[in-house]
Amino acid sequence: MYKTIITPRIGETDGLRHINNTVLPLWFETARNPIFEIFVPNYELTYKKWNLIMVHAEYNYLDQIFFGYDVEVRTYITKIGNSSFTIYQEVWQNGTIRANGSTILVYFDFIKQESQTIPPEIREKLQELYMDPDDIEKQNKKEMKENKKQVEELNYIESDL
């Protein structure tokens, strides 16, 4: 798992002090940089060197995300296939999971315009980040239960009354 801390910007905030729903894909992409680096260490964005293509992305908004509090994006690998792999990501704020989503990337040759088998050395690095989705869910339930006792969160609605 990778963890990326992001400080929400005021420009990402709507009139109710929520983080706008269009921001989540950008945060998730930022948090995928360490995975991109596994495939292309120098991030060379050329058809000869870049070898990943996104074929699917989905996002779930589970709770409100607010301006004024950092978020932690957690990034896992939850499936590794022959030429593709699934990245699962979560946004945590103030001890609670606020959003999650997954992305499927394919190891791709842009010159030949076809998928390729993920090389063993890359597969090995992806495996180090692998976590079973059921284990992630169990871990999250436990962590949020523990955090509920410890975290006092500002409720913006009450602060406006």
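Here's what I pulled together on the structure shown here. None of the values given here were measured: they were computed from a predicted structure.

## Observations concerning the pairing of strand E5 (residues 96–109)
Within E5, 12 of the 14 residues are buried, which leaves it mostly tucked inside the rest of the structure. Pairing of strand E2 (residues 52–61) with E5 involves nine bridges; the strand directions are antiparallel. Across the sheet, the residue bridging to Ala 57 is Thr 103, located in E5. Sheet topology places strand E4 (residues 84–93) next to E5; 10 bridges connect them, and they run antiparallel.

## Some remarks on unusual backbone geometry
A positive phi angle, close to 55 degrees, is found at Tyr 43, a residue other than glycine. A relative accessible area of 33% means that Tyr 43 is categorised as partly exposed. The phi angle at Asn 94 is positive, at roughly 50 degrees, despite the residue not being glycine. Relative to the helices and strands, Asn 94 is located in the loop between E4 and E5.

## Describing the packing of aromatic side chains
Each pair of aromatic rings is reported with the distance of its centres and the angle of its planes. Under the counting rule described, the total for this entry stands at seven aromatic pairs. Taking the centre distance of 4.9 Å and the plane angle of 75 degrees together, the rings of Phe 108 and Phe 110 count as edge-to-face. The exposure classification of Phe 108 matches that of Phe 110, with both residues buried. Positioned above the aromatic ring of Trp 92 is the side chain of Arg 74, whose terminal nitrogen or guanidinium carbon lies 4.0 Å from the ring centre.

## Considerations on helix H1 (residues 24–31)
Along H1, the positions that sit buried rather than exposed are Leu 24, Trp 27, Phe 28 and Ala 31. Mapping the buried residues of H1 onto a view down its axis gives an arc of 100 degrees, with all of them on the same face. For H1, the elements touching its buried residues are strand E1 (2–6), helix H2 (33–39), E2, strand E3 (71–80), E4 and E5.

## A look at the nonpolar core
Judged by nonpolar contacts, the single largest core of 18 residues is most densely connected at Ile 35, Phe 39, Leu 52, Ile 77, Phe 85, Ile 122 and Leu 126. Going through the elements one at a time, H2, E4, E5 and helix H3 (120–128) are the ones with two or more residues in this core. The dominant element in this core, judged by the number of residues it contributes, is H2, at four residues. Residues within four places of Ile 122 in sequence aside, it is in contact with Ile 38, Phe 39 and Tyr 107. In terms of nonpolar packing, the next biggest core, distinct from the first, is built from 12 residues, Ile 19, Ala 31, Ile 65 and Val 73 among them.

## A few points about the pattern of salt bridges
Taken as a whole, this structure holds four salt bridges when the rule is applied. Through salt bridges that share partners, Glu 72, Arg 74 and Glu 143 make up one connected network.

Rules used throughout
Residues numbered from 1 in each chain as written. Predicted model: local features only at pLDDT ≥ 70, side-chain atom pairs only at ≥ 80, totals over all residues. Heavy atoms only, no water. Buried < 20%, exposed > 50% of the residue type's maximum accessible area, 1.4 Å probe, protein only. Helix = DSSP H or I, 4+ residues; strand = E, 2+ residues; numbered from the N terminus. Pairing = 2+ DSSP bridges. Phe/Tyr/Trp six-rings, centres within 6.5 Å; stacked < 30°, edge-to-face > 60°. Lys NZ or Arg CZ within 6 Å of the ring centre and 35° of its normal. Arc of directions from axis to C-beta. Contact = heavy atoms within 4.5 Å. Core = buried A, V, L, I, M, F, W, Y, C linked by side-chain atoms within 4.5 Å. Salt bridge = Lys/Arg side-chain N within 4 Å of Asp/Glu carboxyl O.

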